[in-house]
Amino acid sequence: MAATPIKSNQALLARSLAAVWHPCTQMKRHETLPLVPISHGNGVWLYDQEGKRYLDAVSSWWVNLFGHCNPRINAAITDQLGKLEHVMLAGFTHEPVVQLSERLAQLAPDGLGHCFYASDGASAVEIALKMSAHYWRNAGKPEKTQFISLQNSYHGETLGALSVTDVALFKDAYGPMLKQNATVLNPDSRNAAIGENAHDYALRCAAQLESHLQQHHRQLAALIIEPLVQGAAGMAMYHPVYLSRARELCEEYGVHLIADEIAVGMGRTGTMFACEQGEITPDFLCLSKGITGGYLPLSVVMTTNKIYQAFYADDVTRGFLHSHSYTGNPLACRAALATLEIFATEDVLNTNRIKAAYMNRIADSLRKHPKVKHFRNRGMIWAFEVETPHADFAQRCFSLALQHEILLRPMGNTVYFMPPYVISEAEMDILVTRALQVIDQLV
Ligand SMILES: *Cc1c(COP(=O)(O)O)cnc(C)c1O
């Protein structure tokens, strides 16, 4: 049977609700809240079949860097399509995966010369957790199997990743299936005491980390953190001194440091990798989301030669016997290489600094709004809390923003902007002006 084409928004919505189970969604909500049909994209804009447009202020769940339908990334994928779409990476290799691994090793903090690939962020976290514990087993310390993460952390939703995630909404239903891992204070600077600055608060949190490590390091394989910005916690931002201190403490107590830069890597915090701002090299660096410019699923765990060597042996079982079918997919690697090429040739980090300064100027109206609290920015991320009487603020804000041609997806009463880097000054004006209108209508 040939598929019947879908010619209208209405038909797309109805057939989607009948056939597609959408992620992170109570499907019954769609009885009243319509799905948003999208047919094509260009730059920061998404369009439906009838020409209605939305400015993608959340980079399509934090993945897009250089706009939808970017000509350079399109060309790279098209070129690769004519050569090789996929080959298994166990026992085989290909140029895109080699080029990408070499480029990433040059760009990442020193010493992360080995790249292990998967297809999504949660799998990268699973890999880092497993590699860490397996390293300790190979090193004669099989009792080191526990992990710690920060309060309100988010590392993905497969069972291992969920066990180091601290978001009750995602976790509670699966509690009995999860390994219990401890959390330590997160250095979220909104929680600093009165008169305490972000730096001192970060050090106070690091002191609590130290006492946890003192007590438990014998059982601990690794500490996993989202460097500088905890995304799903509501863009909680913290001082880079926490990174340097956590690095020292992990070293001192013989515990790995896993940097989950799935959301904050690839220039999002103003440097290529957030770890650079704490001047640290983690034992494992997890990347995904923006790595392909938001085009194709790809993730990578980068690690050190010391860890790599602990698996290198005649004995098969000392090896890291983990795999995914699409590991190192050539199309995804070419999208990632094209993305890195744009960084290299278009001075993206500097241009973003100028864009961020512009945004901060025009967003002063938001910062000073009487109902806006904790307005904050790091790199190309902005966030603030809205004082609102509505318990369902996030949903109201989302719906109202769509009417103003803006795609905002607040978390609770936290509104954030995480736009594609190609956003222009005129588009930033549209974003800020309309966000203000939406907030004024909701408070
Ligand atoms: C999105 C995200 C993940 C999970 O990535 P998926 O591709 O959605 O599985 C893990 N950690 C962080 C910090 C993320 O933002």
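Calculation criteria
- Residues numbered from 1 in each chain as written.
- Predicted model: local features only at pLDDT ≥ 70, side-chain atom pairs only at ≥ 80, totals over all residues.
- Heavy atoms only, no water.
- Salt bridge = Lys/Arg side-chain N within 4 Å of Asp/Glu carboxyl O.
- Helix = DSSP H or I, 4+ residues; strand = E, 2+ residues; numbered from the N terminus.
- Buried < 20%, exposed > 50% of the residue type's maximum accessible area, 1.4 Å probe, protein only.
- 1 Å grid on protein atoms, 1.4 Å probe; cavity = no way out; pocket = protein on both sides within 12 Å on 5 of 7 lines; lining within 4 Å.
- Points joined across faces, edges and corners; volume = space filled by probe spheres on them.
- Nonpolar A, V, L, I, M, F, W, Y, C, P; charged D, E, K, R; others polar.
- Domains from an automatic or database assignment.
- Pairing = 2+ DSSP bridges.
- Axes fitted to C-alpha atoms, helices over the stretch in contact; angles between N-to-C directions.

A. Region of the structure containing the pattern of salt bridges. Per the counting criterion, the structure on display carries 19 salt bridges. For Arg-245, the salt bridge goes to Glu-248, with nearest N and O atoms at 2.5 Å. With Arg-245 and Glu-248 both in helix α9 (residues 241-253), this residue pair falls 3 residues apart, about one helical turn. Take Glu-248: its relative accessible area is 44%, and that puts it in the partly exposed class. Measuring nitrogen to oxygen at the nearest pair gives 3.0 Å for the salt bridge that ties Asp-283 to Arg-247.

B. A look at empty space enclosed by the protein. Tallied over the entire structure, the rule returns 1 cavity of 30 Å³ or more. One number sums up the size of the largest cavity: a volume of about 30 Å³. Lining the largest cavity are Trp-62, Leu-65, Ala-263, Gly-265, Met-266, Arg-268, Gly-290 and Tyr-421. Considering only residue class, the lining of the largest cavity consists of 5 nonpolar, 2 polar and 1 charged. Split by domain, the lining of the largest cavity shows at least three residues from each of two domains, domain 1 (36-69 + 347-442) and domain 2 (74-345).

C. Just the environment of Tyr-174, in detail. With respect to the helices and strands, Tyr-174 occurs in the loop between α7 (168-171) and β6 (182-184). Through-space distance from the C-alpha of Tyr-174 to that of Leu-159 is 8.3 Å; in sequence the pair is 15 residues apart.

D. Summary view of the sheet that holds strand β10 (residues 256-260). The mixed open sheet is built from 7 strands, whose spatial order is β4-β12-β11-β10-β7-β5-β6. In the strand order of this sheet, the two ends are held by β4 (114-118) and β6, each with one partner. The average undirected angle you get between the axes of adjacent strands in this sheet is 25°. Relative to strand β12 (residues 299-303), strand β11 (residues 284-287) is paired through 4 bridges, and the arrangement is antiparallel. Each residue of the ladder has a partner; that of Leu-285, found in β12, is Met-302.

E. Fine view of unusual backbone geometry. You will see that Ser-59, though not glycine, has its phi angle at about 50°, which is positive. Along the polypeptide, Ser-59 turns up in helix α2 (residues 59-62). By relative accessible area, which is 0% here, Ser-59 ends up buried. The phi angle at Asp-347 is positive, at roughly 50°, despite the residue not being glycine. With respect to the helices, strands and loops of the structure, Asp-347 is situated in the loop between α11 (330-345) and α12 (348-362). Asp-347 sits in the partly exposed class, given a relative accessible area of 44%.

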